[in-house]
Every structure is written in structure tokens, then in C-alpha cells.
Amino acid sequence: MEVLQKEIKFVEYDNKKLYIINNKDKDVLNENSEFLLGSVTKIFTAITLLVLHQKNIININDKVIKYLENKQFKNITILDLINHVSGMKNINDGHDYDKGVSKKYKNATETYNSFKNEKLITKPKGKFLYSNIGYITLGAIIEHVTDMEYTNVVEQYILKPLNIHNTDLGETNIKLYSSKGTKVSKNGYYERFFSSSAGQYHSTVNDLIKFADFPKLLNKNTLQILKKIYINWEKDGNNIIIHQGGIIGGESSLRYKYNKEWKLLDIYIKLKTITH
């Protein structure tokens, strides 16, 4: 449990127990309170790509240039982007990401189009360099191969099969705050749309518990690929899916623990709005 501070607002799920603290406002929090995920969205993106790979809609070993006409990607594979080893720069190398953006982007492709002509590959391939731009690019690839918007693809292949209903983009059912403890500005709100497949979603403890069943969407071969992706850590024969996220208005932590047969052993979730 987090040490109580002057103003704090979060829900935490640990060992099947739900902990709630809110001394910031009058919102009544529960397992269906919607908090921003930030980069935990990347898990949804990675699993969606694995499902598309499994259905032969895409091949994650293909070069990105097969799907997006950009010469910078001629030696970069989709799996390179997934694992942050493409050499692609991070978003704040070219955008004032912390201040959000001044328009509401429609989808991942529109966001990608806003930076695609910049110099994107700035580091040697093979070195881990965390890149939000890389995951926005993955969203544009998803939209290209499906002819659907990213949110609709995730809904069709992930959310509906797992009976998830409150994971989405846009307004939440609770009040959110910036790092200064003030309400999130319009530009901060727009940041979610710009972040798209790298960090757009809000979700709930209840939905994220359901999302832990995602291995049932993948066959044995695809689960073997998952073990090679950075979101998965192997420890003592177990598979641990882990990620953290941060965006204007929210922070999140997620950890799923499975045995080697992908039977779920434990879940840890913490969802928080930034209040200090």
C-alpha cells in the first residue's frame, strides 16, 4: 500500500483484495472506476498484433515497409517495433509530449502522419530504446491491414471476446487531475487521442482482471512468440506480464503472473490519478 499523502486518489488490487483511497474529491471509487492506463495500453496493442499474426492478417516478422511506405523502415520489422529495438526515437525527442497537443486526433494513422516525415530512426537497431512513436506506428499498421480504426480492432479481437466493457478512449467516469493537482486541461485530454496505440486507453480494475484471460485467445505457437516480447518476463518457470504507464491525468501498474502452462496465478493492478 502507498503511504498516505496530502491528496491522493487510487484503487489497488492485490492478492484478490481491493484497496481504495480518495481524499481528493467526492468521487466514490470501486472496481469499475475508470482511470487512465497510459503505456499499459501497449499490452493491448501487442496482444492485438499477436492475434492478427495468428489469423494470418499480418506477419510480425515482416518489414514495416511492407505495410507503411516509409524508406526509414526498410530494415525494421514489426517485431522490432514491438520490442523497442528498432532504433526509433521516443516521442519527446520531437514533440512537447508533456504538455499534450492542441487538437483531437482521429486515429493512430492520423497521429503517425503528423511525424512520419521526421527522422525517426536515431539509434542503432537492436538496442532497447523505449519508443511511444514506435507503438503509434504499430497502431497505424493495424489500421492499414484491417481497414479499421485501432479502437475497433481491439474491441473486435480483444475486448468483446473477453467481455470487457469499460476500456475505451475519451471521458472517464471519475475526475482526473494533472501533476499540479488541478483538473486536466483540454490539451491534456487531447493527449490521449494523440497517444493512440501507445497510451490512449482508460480502464477499470474489473476490466483488467478480465483482460488477464487473454492467453486463451492465443494458441501454443503464438504464446511462444509472446515469451519473446518485452512485456513478458520468465522467473522461476513462471511467465509474468508486466508494464507501467503514465500520461497527463493518470498512472498505472499491471502485473499478471502465470505458470508455464499459462494458468493465471496472481494479479496486481494499481490505477491512480496524479494529484501531487
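From a predicted model like this one, the values you see are computed outputs, not experimental measurements.

Asks: Outline the nonpolar core, supporting the account with residue identities and numerical values.
Replies: With 78 residues, the main nonpolar core has Phe 44, Ile 47, Ile 158, Phe 211, Phe 214, Leu 226 and Tyr 256 as its most contacted residues. When residues of this core are assigned to their parent elements, the largest contribution, eight residues, is made by helix α1 (residues 41-54). If we skip the residues at most four places from it in the chain, Phe 214 touches Ile 47, Leu 162, Leu 226, Ile 241, Tyr 256 and Tyr 258.

Asks: Explain the environment of Thr 122 residue by residue, including any values.
Replies: You can see Thr 122 is positioned in the loop between α3 (108-115) and α4 (132-146). Thr 122 gets classed as partly exposed once you look at its relative accessible area, which sits at 38%. Each C-alpha atom, one on Thr 122 and one on Gly 87, is 5.8 Å from the other, the two residues being 35 residues apart in sequence. Beyond its immediate sequence surroundings of up to four residues, Thr 122 is in contact with Gly 87 and Lys 89.

Asks: Tell me what's going on with the confidence of the model for the chain, and back it up with residues and numbers.
Replies: Per-residue pLDDT for the chain has a mean of 93; in total, 94% of the residues score no lower than 70. Low pLDDT, under 50, characterises residues 93-98; the predicted model gives this stretch 13 contacts beyond four residues in sequence or across chains.

Asks: Outline the packing of α1 against α4, supporting the account with residue identities and numerical values.
Replies: Close contact between α1 and α4 brings their axes to 11 Å; oriented N to C, the two are set at 35°. Along this stretch, α1 crosses α4, giving a crossing that reads as left-handed. On α4, the residues that touch Lys 42, Thr 45, Ala 46, Thr 48, Leu 49 and Leu 52 of α1 are Asn 132, Tyr 135, Leu 138, Ile 142, Val 145 and Thr 146. Of the residues assigned to the contact of α1 with α4, the class counts are seven nonpolar, four polar and one charged.

Asks: Just give me the short version of the side chain of His 243, but keep the residues and values in it.
Replies: In this structure, His 243 sits in strand β6 (residues 238-247). Engagement of the side chain of His 243 in a polar contact is seen with the side chain of Tyr 230, the distance being 2.7 Å. Dropping the residues within four chain positions of it, His 243 is found in contact with Ser 39, Val 40, Lys 42, Ile 43, Tyr 130, Tyr 230, Ile 231, Ser 252, Ser 253 and Leu 254.

Asks: So what's going on with the pattern of salt bridges? Which residues, and what values?
Replies: Going through the model one piece at a time under the given rule, you end up with 10 salt bridges. Linking Asp 80 and Lys 125 is a salt bridge whose minimum nitrogen-to-oxygen distance equals 3.1 Å. Remark: Lys 125 occurs in the loop between α3 and α4 and Asp 80 occurs in helix α2 (residues 78-82); sequence separation between them is 45 residues. Taking relative accessible area as the criterion, Asp 80 reaches 11% and is therefore assigned buried.

Asks: Give me the pairing of β6: which residues, what numbers.
Replies: Counting buried positions along β6 yields seven of 10 residues, so the element is predominantly enclosed. In the sheet, strand β5 (residues 232-235) pairs with β6 via four bridges, with the strands oriented antiparallel. The residue of β6 that forms the bridge with Glu 234 is Asn 239. The loop that links β5 with its antiparallel partner β6 comprises two residues; one of these, Asp 236, has a positive phi angle of about 55°. Note that β6 and strand β7 (residues 250-258) share nine bridges and pair antiparallel. Each residue of the ladder has a partner; that of Gly 245, found in β7, is Ser 252.

Rules of the game
Residues numbered from 1 in each chain as written. Predicted model: local features only at pLDDT ≥ 70, side-chain atom pairs only at ≥ 80, totals over all residues. Heavy atoms only, no water. Core = buried A, V, L, I, M, F, W, Y, C linked by side-chain atoms within 4.5 Å. Buried < 20%, exposed > 50% of the residue type's maximum accessible area, 1.4 Å probe, protein only. Helix = DSSP H or I, 4+ residues; strand = E, 2+ residues; numbered from the N terminus. Contact = heavy atoms within 4.5 Å. pLDDT = per-residue confidence, 0-100. Axes fitted to C-alpha atoms, helices over the stretch in contact; angles between N-to-C directions. Left-handed = near helix turned anticlockwise from the far one by under 90°. Nonpolar A, V, L, I, M, F, W, Y, C, P; charged D, E, K, R; others polar. Polar contact = N/O pair within 3.5 Å; in protein donor to acceptor, adjacent residues only side chain to side chain. Salt bridge = Lys/Arg side-chain N within 4 Å of Asp/Glu carboxyl O. Pairing = 2+ DSSP bridges.

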